[in-house]
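Secondary and tertiary structure notes
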Amino acid sequence: MKHPFHTYRSLFPILSGHVHLAACSGSALALPVAKAVDEYQNGLLTAGADWKAHLDKMDEAKEKFARLIGAEKEEIAVLPSVSDAVAAVAASLPQPPHRRQIAFTDIDFPAVGQIWLAQDRFKDHLIIIQSEDGMIDLEQYEKDVTDQTLLTCVPHAGYRNGFKQDVKQIAEIVHQKGSLLFVDAYQTAGHIPIHVKDMDIDILAAGTRKYMLGIPGTAFLYMKRELCGQFEPKTAGWFGRNKPFALDSCFAEGAKRFESGTPSFISIYAADAALRLLLEAEPGRIEHYLRELAAFSLQYGAEKGLKIIGPETVHNRTSLISVYAEEAGRMEALLREKHIIVSARNNVIRIAPHFYNTKEEIGFVMDEMAALFG
Ligand SMILES: Cc1ncc(COP(=O)(O)O)c(C=O)c1O
């Protein structure tokens, strides 16, 4: 298999001494991203505090994320994490008297459910959509989402097994019942193309440190333009105002109203450089290549006798391959000693390639894992 992104590998220095297959948790750091972090620091060292430069960079990063998901810049807010984005929406969701239910799934990242559970006004009206073998049939949404459901919250792809959902179909089902759709795209944004308008997504959140190649401290919240005005943020902050520097009291027009205090500019610099790289490499091409890697991983893992959980074919999964391991944490540590970076969660080891990885790297890691399993 030819590696269509081989010229990019030299941008990721870690790859010369390690196998880095943990994009579901944190991706390898690219030189242009590290340079952007330096640019922020050097600016402070040589020119001092410069709000204008920092705010311009924030605007550029928002514009690039909007481009990545087919939205407009005014529909994007910057928040510190996906948890903050979900919490900001949950706290301020307008609630008509006859719609109190919030639906989320048992394959959501746990923090997402915990945030809904923490909302006093919704905690007795939660529907948890159940998966079977870590997957959810569309019929389950038909059954569980009702005409009382205010919002349905789903992950685009499962963090534990790479199960990828058909968001467009889910949107059609939940919209027919009058529910809003919130998509957690943290496991897809950056390597799976997303078009919020085509997919008819109302609200979406994704952080930058996984497949988006950034560092911790920045997540983006998308909210459809027509919806923004209906929300009066309860986690209000000065950055969510129309003119923060005039210390204005009016909420900003678009999604910006969800922003809170001074953001992590250093991570916004990183996000902007990372998004530039991703847009240049093109998520559609990245997805195509990673699908080939997923097909290889499924076949080679089976040959090696590894117990892979989640979808068995590439049509409803991402390239995240989870291998059952009783002592996943210990296994992750043993692999790290061999300069192999993977990600353990409960009883699985997650092998999560990005466009910079090769088939040979995955084969090597699976060989090592098979040897460790004995
Ligand atoms: C799908 C998904 N959603 C949300 C989160 C939590 O993101 P954050 O740490 O930005 O709140 C994670 C983190 O691993 C995740 O995988």
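This one's a predicted model, so the numbers in the text were calculated from it and none came from an experiment.

Quick look at the overall build of the protein
The secondary structure content of the protein amounts to eleven helices and 13 strands. The C-alpha radius of gyration computed for the protein amounts to 21 Å, which stays within 12% of the reference 21 Å derived for 374 residues, consistent with globular compactness. In terms of principal-axis extent, the alpha carbons of the protein reach across some 60 × 60 × 35 Å. When the 374 residues of the protein are sorted by exposure, 55% land in the buried category. Partitioning the intrachain contacts of the protein with sequence separation of at least 6 by distance along the chain shows that 71% fall at a separation of at least 24. Surface accessibility of the protein: about 15,800 Å² in total, with carbon and sulfur atoms responsible for 51%.

Some points on a negative patch on the surface
A cluster of like negative charges, contributed by Glu132, Asp133, Asp137, Glu139, Glu142 and Glu312, occupies part of the molecular surface. Relative to the elements of secondary structure, Asp133 occurs in the loop between strand E4 (126-129) and helix H5 (138-144).

Regarding the UniProt feature "domain: Aminotransferase class V" (unreviewed entry) in the protein
Residues annotated in UniProt with the feature "domain: Aminotransferase class V" (unreviewed entry) correspond here to residues 55-346. For residues 55-346, the end-to-end C-alpha separation is 40 Å, with 35% helix and 16% strand making up the annotated structure.

Some remarks on the domain arrangement of the protein
Splitting the protein by domain gives domain 1 (6-29 + 283-373) and domain 2 (34-278). Between domain 1 and domain 2, the C-alpha centre-to-centre distance is 27 Å. With 36 residues of domain 1 at the interface, the matching set in domain 2 holds 25 residues. Both faces considered, domain 1 and domain 2 share a buried interface measuring about 2,400 Å² in area, 57% of it formed by carbon and sulfur atoms. At the boundary of domain 1 and domain 2, one finds one salt bridge.

Examining the environment of Pro155
With respect to the helices and strands, the residue Pro155 is situated in strand E5 (residues 149-155). Sequence spacing of Pro155 and Ile115 is 40 residues, and the spatial spacing of their C-alpha atoms is 14 Å. Discounting residues that sit within four places of it in the chain, Pro155 has contacts with Thr105, Ile107, Asp108, Gln165 and Asp184.

Some words on the sheet that holds strand E2 (residues 76-79)
Pairing is mixed across the open sheet formed by seven strands, whose spatial order is E2-E8-E7-E6-E5-E3-E4. The strands lining the two open edges of the sheet, one partner per strand, are E2 and E4. Taken over all neighbouring pairs, the strand axes of this sheet differ in orientation by 20° on average, direction set aside. Sheet topology note: the E5/strand E6 (residues 180-184) ladder contains five bridges and is parallel. The residue bridging Cys153 from the neighbouring strand is Phe182, located in E6. Here helix H6 (residues 167-176) sits on the sheet and contacts E5 and E6; the angle it forms with E6, its principal contact strand, is near 155°.

Definitions and cut-offs
- Going along each chain's sequence as written, the residues are numbered from 1 onward.
- For this predicted model, a pLDDT threshold of at least 70 governs which residues receive local features, and a threshold of 80 or more governs which side-chain atom pairs are given and counted, while totals over whole chains, interfaces and linings are taken from all residues.
- Side-chain metrics in this entry use all non-hydrogen atoms of the structure; hydrogen atoms and water are not considered.
- Working definition: helices are DSSP H or I runs of at least four residues, strands are E runs of at least two. Numbering for both runs from the N terminus.
- Based on C-alpha atoms, the radius of gyration is set beside the globule rule, defined as 2.2 Å times the residue count to the power 0.38.
- Burial here depends on accessible area, computed with a 1.4 Å probe over protein chains only, as a share of the maximum for the residue type. Under 20% is buried, over 50% is exposed, and the range in between is partly exposed.
- By definition in these notes, contact holds between two residues if any of their heavy atoms fall within 4.5 Å.
- Computed with a 1.4 Å probe, the accessible areas rest on the Shrake-Rupley method; for each residue, only the protein chains presented here act as cover.
- Patch definition: residues with relative accessible area over 30% and no salt bridge; like charges joined within 9 Å; nonpolar side chains (Val, Leu, Ile, Met, Phe, Trp, Tyr) joined within 5 Å.
- Just to be clear on terms, a salt bridge is a Lys or Arg side-chain nitrogen sitting within 4 Å of an Asp or Glu carboxyl oxygen.
- Counting rule for charge: Lys and Arg are taken as positive, Asp and Glu as negative, and neither His nor the chain ends is counted.
- One atom stands in for each charge, and that atom is NZ of Lys, CZ of Arg, CG of Asp or CD of Glu.
- UniProt positions are given in the numbering used here, feature names are shortened, and annotations may be inferred rather than shown by experiment.
- The split of the chain into domains comes from an automatic or database domain assignment.
- A quick way to say it: buried area is the sum, across both parts, of accessible area lost when two parts are put together, with a 1.4 Å probe.
- Note on pairing: two strands pair once DSSP finds at least 2 bridges between them.
- Between N-to-C directions, angles span 0 to 180 degrees; the directions come from axes that are lines fitted to C-alpha atoms, helices contributing only their stretch in contact.

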